[in-house]
Amino acid sequence: MSAQRDMKEKSPWRTPVTIIIITVIGVIAIVALVTVAVLQNKPLSQKYKYGIVLDAGSSHTALYIYEWPAEKDNNTGRVEQTHSCKVQGPGISAYASDPWKAGESLTDCMHEAQQKVPRNKHEETPLYLGATAGMRLLNMENSSASDQVFQAVEEALRQFQFSFQGARILSGQEEGAFGWVTVNYLDDRLKQGLETTGALDLGGASTQISFVSSNYDGSESPKNSVTFRLYGNDYNLYTHSFLCYGKDQALRLTLAQQTLSGPVIISDPCFHKGYTKIKNYADLYDSPCVSHRKPQGAPATFNHTGTGNFQQCQEQIKRIFNFTYCKYSRCSFNGIFQPLVQGPFGAFSAYYFVMDFLNLTDTSEPLTEVKDKLTKYCATLWSEITAQHHTVKEKYLAEYCFAGTYILTLLTEGYNFTSESYSKIKYIKQIKGSDAGWTLGYMLNLTNMIPAEAPDSPPLPHAGYVSIVTIMAILLFIVFILSIRPLWSRCSKQLHIV
Ligand SMILES: O=c1[nH]cnc2c1ncn2[C@@H]1O[C@H](COP(=O)(O)OP(=O)(O)O)[C@@H](O)[C@H]1O
Ligand SMILES: [Ca+2]
């Protein structure tokens, strides 16, 4: 009996010290388990990635910096524009005769980007330059000049520490499709598989229309069709880019058709009464959109004089669209296939600048009222307009009557928006702080940021994991306490005996 008791007393499991050690180790283990389990599911301290896109448009270049959390598949992980910089001077296509200046023009904004992106992220930050219709036109007109502009621009961009991924001309299709991706990504329509928003982009040299139509399968005009699989949803997008129908080239087209006989004075209903300016024929026809129309033996200059008449301006503008031929079931203009417009639309770039200036962004206003307001605006004397807006650049100011009339004509006559479908257009500049335009969609595509399939969402949010681990830890602790209770009571009895 006493030998047995000796054995019991000597067993390492029965000494009070051992029991205390076991208890402490058990508590530490449970605390460690809880901590590890909770931390494993907690987002790590936010680390960001960056991307830079240069939009080399026909009228100017703009730089955009985007930022997103480094972690993948994070539900809050969205790409946001954190900074933009407008390059001073004209678009890069205007430097055809001085290519190196095109590169030099970008350096100020690039220095700004160096300041904005954290120093230790420069090497890993991709940098893209995409050129649109201005360079498309230069490339058509003089491809070696366009190559030289790209060489100069690439050389300038390589001087920076960023990871330069190349400079290229986007096709009209890409420009339209990436604009659509941007709008729907920012509106959170892709991830949730919601009805998408169409995109209307008005540039200086080209204009794009892109939308999903339920009764269009892409077979009628494959060149106007882009298919995507994004977050597990299939999209069949209709898109078209009209080269020469951006607002600056459309103005040339409209003016050019009034100068067919080479008159010395052009009375233009799209400009305000009292506006008069001597202009060069050579400048007007210095674009492949109109160069073939230059009148024979025209004088060097013409007197551009406004008459300020919306109705007549609209008649002039209608004449730049060709509605006479269409080999498809339906066309917009110039023989281009287009299904009936459908659903909501976001209209950005010059659509926004012009309609915002004219105070006509409210599309709940009936179209007839919009036209009435524009009629009044166009009929306002040039002297009054300049007096009311002395801070606005004169070139823009002179052209708002034309630009507003062009927008309404393009939408209603060109794309066949009706009073009802017009009311579903929203003139937008930004969505949630990011500019509407092709640049974000372009970068999302090149960095593979939008997966084809929906990411496996975690079965529980972070708070769910914390609750489950806490409950399990408490249960474990109770079981642990219950299991060591007999040992403790034996231990205390021993201490009592001692
Ligand atoms: O403040 C403004 N008021 C009016 N128009 C503007 C303003 N800012 C930019 N724009 C116009 O927006 C258009 C932008 O076109 P962009 O340079 O992107 O050409 P692209 O897209 O055809 O290559 C140009 O016609 C430019 O004049
Ligand atoms: Ca543009």
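Keep in mind that this is a model prediction, so the values were computed, not measured.

1. A short note on the UniProt feature "binding site: ATP" (unreviewed entry) in the protein chain
In step 1: Mapped onto the present numbering, the UniProt feature "binding site: ATP" (unreviewed entry) falls on Gly204, Ala205, Ser206, Thr207 and Gln208.
In step 2: Tracing the backbone through its elements, the reader meets Ser206 in strand S7 (residues 206-212).
In step 3: Relative accessible area serves as the criterion here: at 3%, Ser206 is assigned to the buried category.
In step 4: Look past the residues within four positions of Ser206 in its chain and what remains in contact with it is Ala133, Arg136, Glu175, Asp201, Ser241, Phe242, Leu243, Cys244, Tyr245 and Gly246.
In step 5: Secondary-structure assignment places Thr207 in strand S7.
In step 6: Taking relative accessible area as the criterion, Thr207 reaches 0% and is therefore assigned buried.
In step 7: One polar contact links the side chain of Thr207 to the main-chain carbonyl oxygen of Asp201, over a distance of 2.7 Å.

2. A closer look at the environment of Phe345
In step 1: Counting through the fold element by element, Phe345 comes out in strand S13 (residues 345-349).
In step 2: Beyond its immediate stretch of four places on either side in the chain, Phe345 contacts Thr197, Gly198, Ala199, Leu200, Ile209, Ser210, Phe211, Phe417, Lys424, Ile425 and Lys426.

3. Notes on empty space enclosed by the protein
In step 1: Enumeration over the complete set of coordinates arrives at 1 cavity of 30 Å³ or more.
In step 2: The computed volume of the largest cavity comes to approximately 30 Å³.
In step 3: In this structure, the largest cavity is lined by Arg330, Cys331, Gln338, Pro339, Leu340, Tyr415 and Asn416.
In step 4: Residue composition of the lining of the largest cavity, grouped by class: 4 nonpolar, 2 polar and 1 charged.

4. Some remarks on the nonpolar core
In step 1: Membership of the largest hydrophobic core comes to 71 residues, with the highest contact counts inside it found for Leu200, Tyr351, Tyr406, Leu411, Tyr415 and Tyr427.
In step 2: The element that contributes the greatest number of residues to this core is helix H14 (residues 394-414), accounting for 11 residues.

5. What about the state of the cysteines?
In step 1: Summed over the entire model, instances satisfying the criterion amount to 5 disulfides.
In step 2: The disulfide partner of Cys378 is Cys401, and the S-S distance across this bridge is 2.1 Å. The sign of the 105 degrees torsion about the S-S bond sets the Cys378-Cys401 disulfide as right-handed. Here Cys378 is found in helix H12 (residues 367-379), whereas its partner Cys401 is found in helix H14, with 23 residues between them in sequence.
In step 3: Relative accessible area serves as the criterion here: at 0%, Cys401 is assigned to the buried category.
In step 4: By sequence-ordered numbering of the bonded cysteines, the protein chain has its disulfides arranged as 1-2, 3-5, 4-6, 7-8, 9-10.

6. Points about a nonpolar patch on the surface
In step 1: A cluster of nonpolar side chains, Leu475, Ile478 and Leu482, forms an exposed patch at the surface whose accessible area comes to about 290 Å².
In step 2: Structurally, Ile478 is set in helix H17 (residues 462-497).

7. Some words on the sheet that holds strand S6 (residues 198-202)
In step 1: Spatial strand order, S8-S9-S7-S6-S13-S14: 6 strands in an open sheet with mixed pairing. Here the strands that pair on one side only, and so sit at the sheet edges, are strand S8 (225-230) and strand S14 (425-427). Adjacent strand axes in the sheet meet at a mean angle of 20 degrees when their direction is disregarded.
In step 2: In this structure, S7 lies alongside strand S9 (residues 233-243), joined through 7 bridges in antiparallel fashion.

8. Considerations on the site of ligand 1
In step 1: By nearness alone, 18 residues border ligand 1, and Ser58, Ser59, Thr132, Ala205 and Tyr400 come closest of all.
In step 2: Between ligand 1 and the protein, one listed contact pairs an oxygen atom with a backbone N or O atom of Gly204 at 2.8 Å.
In step 3: In this structure, Tyr400 approaches ligand 1 through a side-chain N or O atom, which is 2.8 Å from a nitrogen atom.
In step 4: Here ligand 1, which alone exposes 580 Å², has 90% of that area covered by the protein.
In step 5: Counting residues per element, the ones that place at least two in the shell around ligand 1 are helix H8 (247-257), helix H11 (350-357) and H14.
In step 6: Residues of the shell around ligand 1, tallied by class, amount to 6 nonpolar, 9 polar and 3 charged.
In step 7: Each of domain 2 (48-193 + 430-449) and domain 3 (247-427) accounts for three or more of the residues forming the shell around ligand 1.

The rules behind the values
- Residues numbered from 1 in each chain as written.
- Chains lettered and ligands numbered in written order.
- Predicted model: local features only at pLDDT ≥ 70, side-chain atom pairs only at ≥ 80, totals over all residues.
- Heavy atoms only, no water.
- UniProt positions renumbered as here; feature names shortened; annotations may be inferred.
- Helix = DSSP H or I, 4+ residues; strand = E, 2+ residues; numbered from the N terminus.
- Buried < 20%, exposed > 50% of the residue type's maximum accessible area, 1.4 Å probe, protein only.
- Contact = heavy atoms within 4.5 Å.
- Polar contact = N/O pair within 3.5 Å; in protein donor to acceptor, adjacent residues only side chain to side chain.
- 1 Å grid on protein atoms, 1.4 Å probe; cavity = no way out; pocket = protein on both sides within 12 Å on 5 of 7 lines; lining within 4 Å.
- Points joined across faces, edges and corners; volume = space filled by probe spheres on them.
- Nonpolar A, V, L, I, M, F, W, Y, C, P; charged D, E, K, R; others polar.
- Core = buried A, V, L, I, M, F, W, Y, C linked by side-chain atoms within 4.5 Å.
- Disulfide = S-S within 2.5 Å.
- Patch = residues over 30% accessible without salt bridge, like charges linked within 9 Å, V, L, I, M, F, W, Y side chains within 5 Å.
- Areas by Shrake-Rupley, 256 points an atom, 1.4 Å probe, with all protein chains shown as cover.
- Salt bridge = Lys/Arg side-chain N within 4 Å of Asp/Glu carboxyl O.
- Pairing = 2+ DSSP bridges.
- Axes fitted to C-alpha atoms, helices over the stretch in contact; angles between N-to-C directions.
- Near = heavy atom within 4 Å.
- Domains from an automatic or database assignment.

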